[in-house]
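Structural features, examined
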Amino acid sequence: MFESKVPSKLKYSLFSITLTLGALVFIIYQYIIICHFPFVAIEIEVSSRNSDSNSRITTTIVSSVPLHSIKEDTVKIPKDGDKSLLAPLNVSEKDRIDWFRNILPKFKIFHSNNLTRQFHGRVRQFFNKECELQFFMTWISPASSFGRREFLAMETLFNLHPNGCLIIISRSLDSLQGSRILKPLTDRSYRVKAVSPDLNFLFKNTPAESWFREIRKGNKDPGEIPLSQNLSNLIRLAILYKYGGIYLDTDFITIKSFQGLKNTIGAQSSDVSNHWTRLNNAVLVFDMNHPLLKKFMEEFALTFDGNKWGHNGPYLVSRVAERVKGRIGYNFTILPPMAFYPVDWTKIGRLFRMPENQAELKWVSAKLLQLNGQTYGVHLWNKQSSGLRIEEGSVMQRLISSHCIICQRTYSS
């Protein structure tokens, strides 16, 4: 018998080749994963203040940070957007207008391109007879800042309206990065699409047309409040006026079907006699060409003030609704605060906290019973609540567990 011997150098070469091939296969596999899965499952600790237990409660959530292919050419934008677009504070109106004219080219939302020119056709094509309800949201911030809270708003919407259709008015999400963010929903056959707006078309033949023309030329003072915020206030009015449907803010958690609502706006607050004292524009349900929407846009154009928070949004709809109530032709319904704004922004934090004793546990159970019976959804007042942790056993944790699609088992122990 002859014994075959492989030289040691050859053994080393074969080992190196095998190792290299294995590394290449791993790299290719990771590349495929990155290209096709825009979210990363990560584990975070859900805050628990139970002094009797030292165990850590963890939960798997879907991270909102999109992964990029190494070949994708991305533009780095600060999370909160381009800081240079924020108006200078404590300057004269003339100085602010001069500043605004100088930085106008940076306002991409004013620019026209191939996507914006197709806006109307894309909207009409998307909303077909298969859509049970038409929903709209707006997103003027960078796609990179579209996070878990915003994704949750879409999930809860589709949980109750699986045959509904959602258009997000957004240039940043109408992109490859945006498609990856929406992919977990579109892969499950939910109808959601980001569409770049054509503002010229949206505001044409509306009371806002002349205002938009002047602001685009730099002839008006945008004010100290970010112009994107006020544009969002106006876009939601114009989009409903031209197409009809339901507008929702991206920090609104839906817990009851909107089916059956018609020409409706919600009160944010009411007095002891249950008469509304302020309305809000975070949720709007209106038919196309509704005269109240036209009045809202008239008020926006005539009284625009970019220095007063809420003046062109919640306070605007409140002023107009009070002015036209009882007039013939303005048929609309004002729902009480419990419908859309069951918790005031000053008290929203309590929904995020875990119960620490029997009394608080009873309060959580009673609050959930109340919300599930009387409320279409919860406005989370993102400015106040975005930094809050969702604690185990809290109202928010239990609402999420009941109304999510992808994360129906998230935020649980």
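This one's a predicted model, so the numbers in the text were calculated from it and none came from an experiment.

1. A short note on the packing of aromatic side chains
- Scanning the entire structure with this criterion turns up 23 aromatic pairs.
- For the ring pair F135 and F258, a centre distance of 6.2 Å and an interplane angle of 90 degrees mean the geometry is edge-to-face. Taken together, the residues F135 in strand β3 (residues 134-138) and F258 in the loop between β7 (252-254) and β8 (264-270) connect sequence positions 123 residues apart.
- By relative accessible area, F258 is classed as buried at 1%.
- Grouped by ring-pair contacts, the aromatic residues F135, F252, F258, F340, Y341, Y376 and W381 constitute a single cluster.
- Its guanidinium or amino end placed over the ring of F201, K242 lies 4.5 Å from that ring's centre, counting from NZ or CZ.
- Sitting above the plane of the W363 ring, R350 keeps its charged end 3.7 Å from the centroid.

2. Description of the environment of V364
- Mapped onto the elements of the fold, V364 is located in helix α13 (residues 358-374).
- Exposure remark for V364: the relative accessible area of 2% places this residue in the buried category.
- Taking the C-alpha atoms as reference, V364 lies 9.6 Å from R353; in sequence the two are 11 residues apart.
- In this structure V364 touches P355, G393, S394, V395 and R398, once residues within four positions along its chain are discounted.

3. Observations concerning the pairing of β8
- The element β8 is extensively covered by neighbouring structure, given that 5 of its 7 residues are classed as buried.
- Pairing analysis gives 6 bridges linking β8 to strand β9 (residues 276-286), with the strands arranged antiparallel. In the strand pairing of β9, S270 is matched with W276.
- The hairpin turn running from β8 into β9, its antiparallel successor, is 5 residues long, and N274 in that turn takes a positive phi close to 65 degrees.

4. A short note on unusual backbone geometry
- Residue N205 is not a glycine yet carries a positive backbone phi of 60 degrees.
- In this fold, N205 is placed in the loop between α7 (199-203) and α8 (209-217).
- Take N205: its relative accessible area is 65%, and that puts it in the exposed class.
- At N274, a position not held by glycine, the phi torsion is positive, near 65 degrees.
- Considering the arrangement of structural elements, one finds N274 in the loop between β8 and β9.
- Exposure remark for N274: the relative accessible area of 65% places this residue in the exposed category.

5. Considerations on the environment of Y190
- With respect to the helices and strands, the residue Y190 is situated in the loop between α6 (176-186) and β5 (191-195).
- Between the C-alpha atoms of Y190 and N159, which are 31 residues apart in sequence, the distance is 9.8 Å.
- For Y190, the residues in contact, after removing those within four places along its chain, are F158, P162, L185 and I405.

6. Here's the deal with the pattern of salt bridges
- Applying the stated criterion across every chain yields a total of 11 salt bridges.
- The shortest N-O distance in the salt bridge between R96 and D221 comes to 2.7 Å. Of this pair, R96 sits in helix α2 (residues 93-103) while D221 is found in the loop between α8 and α9 (227-243), placing the two residues 125 residues apart along the sequence. As far as burial versus exposure is concerned, R96 and D221 are alike and both buried.
- E322 is paired through a salt bridge with K325; the nearest N and O atoms lie 3.0 Å apart.
- According to the relative accessible area criterion, K325 is exposed, its value standing at 53%.

7. Quick look at the sheet that holds strand β6 (residues 245-248)
- Spatially, the 7 strands line up as an open sheet ordered β5-β4-β3-β6-β9-β8-β10, and their pairing is mixed. In the strand order of this sheet, the two ends are held by β5 and β10 (333-335), each with one partner. Averaged over all neighbouring strand pairs, the angle between strand axes comes to 35 degrees, with direction disregarded.
- Here 5 bridges tie strand β4 (residues 165-169) to β5, and the two strands are oriented parallel to one another. Bridge pairing in β5 places C165 opposite R191.
- Where helix α11 (residues 314-324) meets the sheet, it contacts β8 and β9, and its direction lies at approximately 100 degrees from that of β9.

The rules behind these values
The numbers attached to residues start from 1 for each chain and follow its sequence in the written order. Owing to the predicted nature of the model, reporting of local features is limited to residues with pLDDT of at least 70; listing and counting of side-chain atom pairs is limited to 80 or more, with chain, interface and lining totals taken over all residues. Where side-chain values are given, they derive from all heavy atoms of the structure, hydrogens and water being excluded. Aromatic contacts are taken between Phe, Tyr and Trp rings whose centres are within 6.5 Å, Trp giving its six-membered ring; a plane angle under 30 degrees counts as stacked, one over 60 as edge-to-face, and the others as tilted. Comment: elements are numbered from the N terminus, with helices defined as DSSP H or I runs of at least four residues and strands as E runs of at least two. The rule is simple: take the accessible area with a 1.4 Å probe, protein chains only, and divide by the maximum for that residue type; under 20% is buried, over 50% is exposed, in between is partly exposed. Only lysine NZ and arginine CZ atoms are considered, and such an atom sits over a ring when it is within 6 Å of the ring centre and within 35 degrees of the ring normal. Residues are treated as being in contact if the distance between any of their heavy atoms lies within 4.5 Å. A pair of strands is considered paired only if DSSP assigns at least 2 bridges between the two. Any carboxyl oxygen of Asp or Glu within 4 Å of a side-chain nitrogen of Lys or Arg constitutes a salt bridge here. Lines fitted to the C-alpha atoms define the axes, with helices restricted to the stretch that makes contact. Angles between their N-to-C directions range from 0 to 180 degrees.

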